[in-house]
Amino acid sequence: MPRIDALSRPSIRNLPFSVRFRGGSGDSINFGNIYPFERTDAFSLCGYFFPTRFDTINSTVIRKGATTGAATGWGLFITNTGALSVLLASVASGVNRINVALTNKHRIRVCTGYFWGMAYGGLSQASDIDIALVPIGRPLEAFATKATPVNDNLTSSIVNTQGLRIGATSDGLRVFGGIQQKLSVFAGVKLTLEQFQNIYHLNRYSTPGGASQESSRWIGEDAVGSGATVFDEVGTRDGGFLNGADWDSQTLFNPRTVALSRSEATALRTVAS
């Protein structure tokens, strides 16, 4: 099979702004009580980050839940050893939670840009969680390999009324240091690998031949890059408040060609035909 012409390969879009998290106390974007997913709800997340440091315990990418008390909720974070991890919890520790991370071969490096994705189908099992992670510029060919779950026994509600935050837990702890861009929420759907590939390689947020399933997108193509409010570019979840974090002109999306595997090149031709 001939290689796809370099000029026709999809490139990651050049976005105008990012949000920089300094890693200080409470640095975050606070959206208030939105997306109170239950353990039986399907949902998916994806975005891009460039971590410059790891917190002493976990660095929060996005979280609806605190670190104290019952700690109910859901979230995605980077451990202090560089493992991307997903949490759905009804209690602070022990049983009644799902906590699964990627294996050592997927360790995140500081000062490297990544595309990440998480898909959950509402089955209350760690096996129901799929995680995508790829350094920007490399092809996304498969979901990442998960390690043995730390906890896999979720039977109680994870719904809470705490604020959803990007860059910190709901109580402002376990902060992220670095920049984040184009973070999306898909409510009610477990995205497939192909759909994550479409988002990463083709900048498409719709299923082949279908309507968009994206519920919210923040810090994307339409980011204003000023003021204290982060707006929802596709949905109605406006009003994210910058708390210590700052707009930044540095972007993970400098124009570059994304390498395609042969199967992806074939898929691209099929979509274009």
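Residues numbered from 1 in each chain as written. Predicted model: local features only at pLDDT ≥ 70, side-chain atom pairs only at ≥ 80, totals over all residues. Heavy atoms only, no water.

Peer 1: Explanation requested: the overall build of the protein in the structure shown.
Peer 2: The number of helices and strands found in the protein is 2 helices and 16 strands. Taken over 273 residues, the protein has a buried fraction of 55%. When contacts within the protein are restricted to residue pairs at least 6 apart in sequence, long-range pairs at least 24 apart make up 73% of them. Counting every atom, the protein has about 11000 Å² of accessible surface; 50% of that belongs to carbon and sulfur. (Helix = DSSP H or I, 4+ residues; strand = E, 2+ residues; numbered from the N terminus. Buried < 20%, exposed > 50% of the residue type's maximum accessible area, 1.4 Å probe, protein only. Contact = heavy atoms within 4.5 Å. Areas by Shrake-Rupley, 256 points an atom, 1.4 Å probe, with all protein chains shown as cover.)

Peer 1: How do you make sense of the sheet that holds strand E4 (residues 58–64) when you look at a structure like this?
Peer 2: Through backbone hydrogen bonds, the strands of a sheet pair up, either in parallel or in antiparallel fashion. The antiparallel open sheet is built from 9 strands, whose spatial order is E10-E7-E6-E5-E4-E11-E2-E15-E14. Only two strands of the sheet have a single neighbouring strand rather than two, namely strand E10 (151–152) and strand E14 (229–230). (Pairing = 2+ DSSP bridges.)

Peer 1: Sorry if this is basic, but what is going on with the pattern of salt bridges here?
Peer 2: Proximity of charged atoms lets side chains of opposite charge pair with each other. Evaluated as defined, the whole model comprises 9 salt bridges. Its salt-bridge partner being Lys190, residue Asp128 comes within 3.1 Å of it at the nearest N-O pair. Taken together, the positions of Asp128 in the loop between strand E8 (114–120) and strand E9 (129–135) and Lys190 in the loop between strand E12 (177–187) and helix H1 (193–202) put the pair 62 residues apart, joining distant regions of the chain. The network of salt bridges with common partners includes Lys182, Glu214, Arg217, Glu221 and Glu233. (Salt bridge = Lys/Arg side-chain N within 4 Å of Asp/Glu carboxyl O.)

Peer 1: Help me understand the packing of aromatic side chains in this model?
Peer 2: Using the criterion set out here, one finds 15 aromatic pairs in the structure. Judged by centre distance (5.9 Å) and plane angle (90°), the rings of Phe21 and Phe176 are edge-to-face. Taken together, the residues Phe21 in strand E1 (residues 18–22) and Phe176 in the loop between strand E11 (165–166) and E12 connect sequence positions 155 residues apart. Here the two residues Phe21 and Phe176 agree in accessibility, since each one is buried. Ring centres of Phe49 and Tyr114 lie 6.0 Å apart, and the angle between their planes is 55°; this geometry places the pair in the tilted category. Separated by 65 residues along the polypeptide, Phe49 in strand E3 (residues 43–53) and Tyr114 in strand E8 bring together distant segments of the chain. (Phe/Tyr/Trp six-rings, centres within 6.5 Å; stacked < 30°, edge-to-face > 60°.)

Peer 1: I tried to follow the pairing of strand E5 (residues 73–79) on my own but got confused; where do I start?
Peer 2: A regular strand carries its side chains on alternate faces of the sheet. The buried fraction of E5 amounts to 7 of the 7 residues, a majority that puts the element mostly inside the structure. Here E5 shows a buried face lined by Gly73, Gly75, Phe77 and Thr79 and a second buried face lined by Trp74, Leu76 and Ile78. Alignment of E4 against E5, held across 6 bridges, turns out to be antiparallel. Among the inter-strand pairings, Ser59 is bridged to a residue of E5, identified as Ile78. One ladder, built from 6 bridges, connects E5 with strand E6 (residues 84–89); its direction is antiparallel. Opposite Leu76, over in E6, you have Val86 as the bridge partner. Counting the residues in the hairpin turn of E5 and E6 gives 4 residues, including Gly82, whose phi is positive at 90°.

Peer 1: I'm lost on unusual backbone geometry in this one. Help?
Peer 2: Leaving glycine out, the prevailing phi sign among residues is negative, and the prevailing peptide bond configuration is trans. Here Ser124, not a glycine, exhibits a phi torsion of approximately 60°, which is positive. Relative to the helices and strands, Ser124 resides in the loop between E8 and E9.

Peer 1: What should I look at first to understand the environment of Ser226 in this one?
Peer 2: Mapped onto the elements, Ser226 comes out in the loop between strand E13 (216–218) and E14. Sequence-wise, Ser226 and Phe17 are 209 residues apart; in three dimensions their C-alpha atoms are separated by 9.3 Å.

Peer 1: Looking at this structure, how should I read the nonpolar core?
Peer 2: Generally speaking, a soluble globular protein has its nonpolar side chains buried in company with each other. Counting residues in hydrophobic clusters, the biggest one holds 45 residues, and the most contacted among them are Phe49, Trp74, Leu84, Leu88, Trp116 and Trp218. Leaving out residues up to four positions away in the same chain, Leu88 has contacts with Phe43, Gly73, Trp74, Arg97, Ile98, Tyr120, Ile129, Leu154 and Ile158. In terms of nonpolar packing, the next biggest core, distinct from the first, is built from 17 residues, Tyr48, Ile136, Tyr200 and Leu252 among them. (Core = buried A, V, L, I, M, F, W, Y, C linked by side-chain atoms within 4.5 Å.)

Peer 1: Could you clarify how one ought to interpret the confidence of the model for the protein in this entry?
Peer 2: Low-confidence regions, as indicated by low pLDDT, have predicted coordinates that should not be scrutinised in detail. Chain-level pLDDT for the protein is 84 on average; 81% of the residues reach the 70-or-more range. Confidence drops under pLDDT 50 across residues 255–262; counting only partners more than four residues distant or on other chains, this segment forms 30 contacts. Segment residues 264–273: pLDDT under 50, and 19 contacts once partners within four positions in sequence are set aside and those in other chains are kept. (pLDDT = per-residue confidence, 0-100.)

Peer 1: Please clarify how the side chain of Arg63 should be interpreted in this entry.
Peer 2: Residue placement: Arg63 occurs in strand E4. Notably, Arg63 is buried but unbridged: the nearest opposite-charge side chain belongs to Asp171, and the N-O separation is 6.9 Å. A distance of 3.1 Å separates a polar atom in the side chain of Arg63 from the backbone oxygen of Ala66. If we ignore the near neighbours within four places in the chain, the residues touching Arg63 are Ala71, Trp74, Gly75, Leu87, Gly163, Leu164, Arg165, Ala168, Thr169 and Ser170. (Lys, Arg positive; Asp, Glu negative; His and termini not counted. Polar contact = N/O pair within 3.5 Å; in protein donor to acceptor, adjacent residues only side chain to side chain.)

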